[in-house]
Amino acid sequence: ELRLANVWPRAPLGPPRNGDPPMDLLATILTCSLYASDDAVVRAIAEGASASNPNFVVNTAESAAPADAVPAPTNEREATARAAQLRTEGARLLLGLLEIPPSWLDAFGRPLANAFDPCVNIAIGTAMLSEFDAQCASKVPARDERGRRLERTNRRACVLRRYEAAIGSVDF
């Protein structure tokens, strides 16, 4: 059983200093990830559809570009309000950097606003990746180098297929 009782939202990101970006994605992943097997997979998911945007909100039930599209949220408050509105309308949402569904937040006892905290989002998403990785783990160790590389590639593909199925989106 997965628990995320000790992960608390951190202070909101401040404005950039000296031209630095407000969030270094790799540093955030390395700090918050609960999936030790493959940081490259976590980074690839975060740089995918969400484009490293911690305020990402998408309704997977609607078409890609509706005629009356609402502008994307630019901060955590807007993202939380948009997600709450869509959730009451019965939308199938993916939220934040790792495009986590609200049901995962519920499973870890986190409020909707925590989906837009990069560290909490990564912690929840990578906890699920770790669970999927355990399900995909081979029981028989590969005996040679080529077999180990092939096993790692197959395991990575298995983890990504399970993540894709769990979030209910084929284009994450």
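Residues numbered from 1 in each chain as written. Predicted model: local features only at pLDDT ≥ 70, side-chain atom pairs only at ≥ 80, totals over all residues. Heavy atoms only, no water.

## Side note on the nonpolar core
Link 1 in the chain: Judged by nonpolar contacts, the single largest core of 38 residues is most densely connected at Val 57, Leu 95, Leu 98, Trp 104 and Tyr 163.
Link 2 in the chain: For this core, the secondary-structure elements that each account for two or more residues are helix 1 (25-32), helix 2 (39-46), helix 3 (76-88), strand 2 (93-95), helix 4 (102-107), helix 5 (118-136) and helix 6 (145-167).
Link 3 in the chain: Sort the elements by how many residues they give to this core and helix 5 lands first, with nine residues.
Link 4 in the chain: Once residues lying within four places of it in the same chain are set aside, the contact partners of Trp 104 are Ile 124, Gly 125, Met 128, Phe 132, Tyr 163, Ala 166 and Ile 167. (Core = buried A, V, L, I, M, F, W, Y, C linked by side-chain atoms within 4.5 Å. Buried < 20%, exposed > 50% of the residue type's maximum accessible area, 1.4 Å probe, protein only. Helix = DSSP H or I, 4+ residues; strand = E, 2+ residues; numbered from the N terminus. Contact = heavy atoms within 4.5 Å.)

## Describing the packing of helix 5 against helix 6
Link 1 in the chain: Contact geometry for helix 5 and helix 6: axes closest at 9 Å, N-to-C directions at 125 degrees. Relative to helix 6, the element helix 5 lies oblique. Pair helix 5 / helix 6 crosses with right-handed handedness. Where helix 5 abuts helix 6, its residues Gly 125, Leu 129, Phe 132, Asp 133, Gln 135 and Cys 136 lie against Arg 155, Cys 158, Val 159, Arg 162, Tyr 163 and Ala 166. (Axes fitted to C-alpha atoms, helices over the stretch in contact; angles between N-to-C directions. Parallel < 35°, antiparallel > 145°, perpendicular 65-115°, else oblique. Left-handed = near helix turned anticlockwise from the far one by under 90°.)

## Some thoughts on the confidence of the model for the chain
Link 1 in the chain: Summary statistics for the chain give a mean pLDDT of 82 and a share of 78% for residues scoring 70 or more.
Link 2 in the chain: For the chain, helix 6 is the element with the lowest average pLDDT, namely 86, and helix 4 is the one with the highest, namely 96.
Link 3 in the chain: pLDDT under 50 marks residues 1-11. Its contacts with residues more than four places away, or in other chains, come to 23 contacts. (pLDDT = per-residue confidence, 0-100.)

## Here we look at the packing of aromatic side chains
Link 1 in the chain: Within this structure, the stated rule accounts for three aromatic pairs.
Link 2 in the chain: Aromatic side chains Trp 104 and Tyr 163 sit 5.5 Å apart centroid to centroid with 70 degrees between the ring planes, which places their arrangement in the edge-to-face category. Here the residue Trp 104 occupies a position in helix 4, and Tyr 163 occupies one in helix 6, the gap between them amounting to 59 residues. Of the two residues, Trp 104 and Tyr 163, both sit in the buried class.
Link 3 in the chain: Relative to Tyr 163, the ring of Phe 132 has its centre 6.4 Å away and its plane inclined at 80 degrees; by these criteria the two rings are edge-to-face. You can see Phe 132 sitting in helix 5 and its partner Tyr 163 sitting in helix 6, a full 31 residues away along the chain. Tyr 163 carries the same exposure label as Phe 132, and that label is buried.
Link 4 in the chain: Taken together, the ring pairs connect Trp 104, Phe 132 and Tyr 163 into an aromatic cluster. (Phe/Tyr/Trp six-rings, centres within 6.5 Å; stacked < 30°, edge-to-face > 60°.)

## Looking at helix 6
Link 1 in the chain: The terminal C-alpha atoms of helix 6, which comprises 23 residues, lie 33 Å apart, in line with the 33 Å expected from a rise of 1.5 Å per residue.
Link 2 in the chain: Those residues of helix 6 that fall on the buried side of the exposure criterion are Cys 158, Val 159, Tyr 163 and Ile 167.
Link 3 in the chain: Close packing links the buried residues of helix 6 with helix 2, strand 2, helix 4 and helix 5.
Link 4 in the chain: Phi turns positive, to about 75 degrees, at Gly 168, one or two residues after helix 6. (Expected span 1.5 Å × (residues − 1).)

## A short note on the environment of Gln 135
Link 1 in the chain: Relative to the assigned elements, Gln 135 resides in helix 5.
Link 2 in the chain: Placed 23 residues apart in sequence, Gln 135 and Cys 158 show a C-alpha to C-alpha distance of 8.9 Å.
Link 3 in the chain: Here the side chain of Gln 135 touches Arg 162 through a polar contact of 2.8 Å, side chain to side chain. (Polar contact = N/O pair within 3.5 Å; in protein donor to acceptor, adjacent residues only side chain to side chain.)

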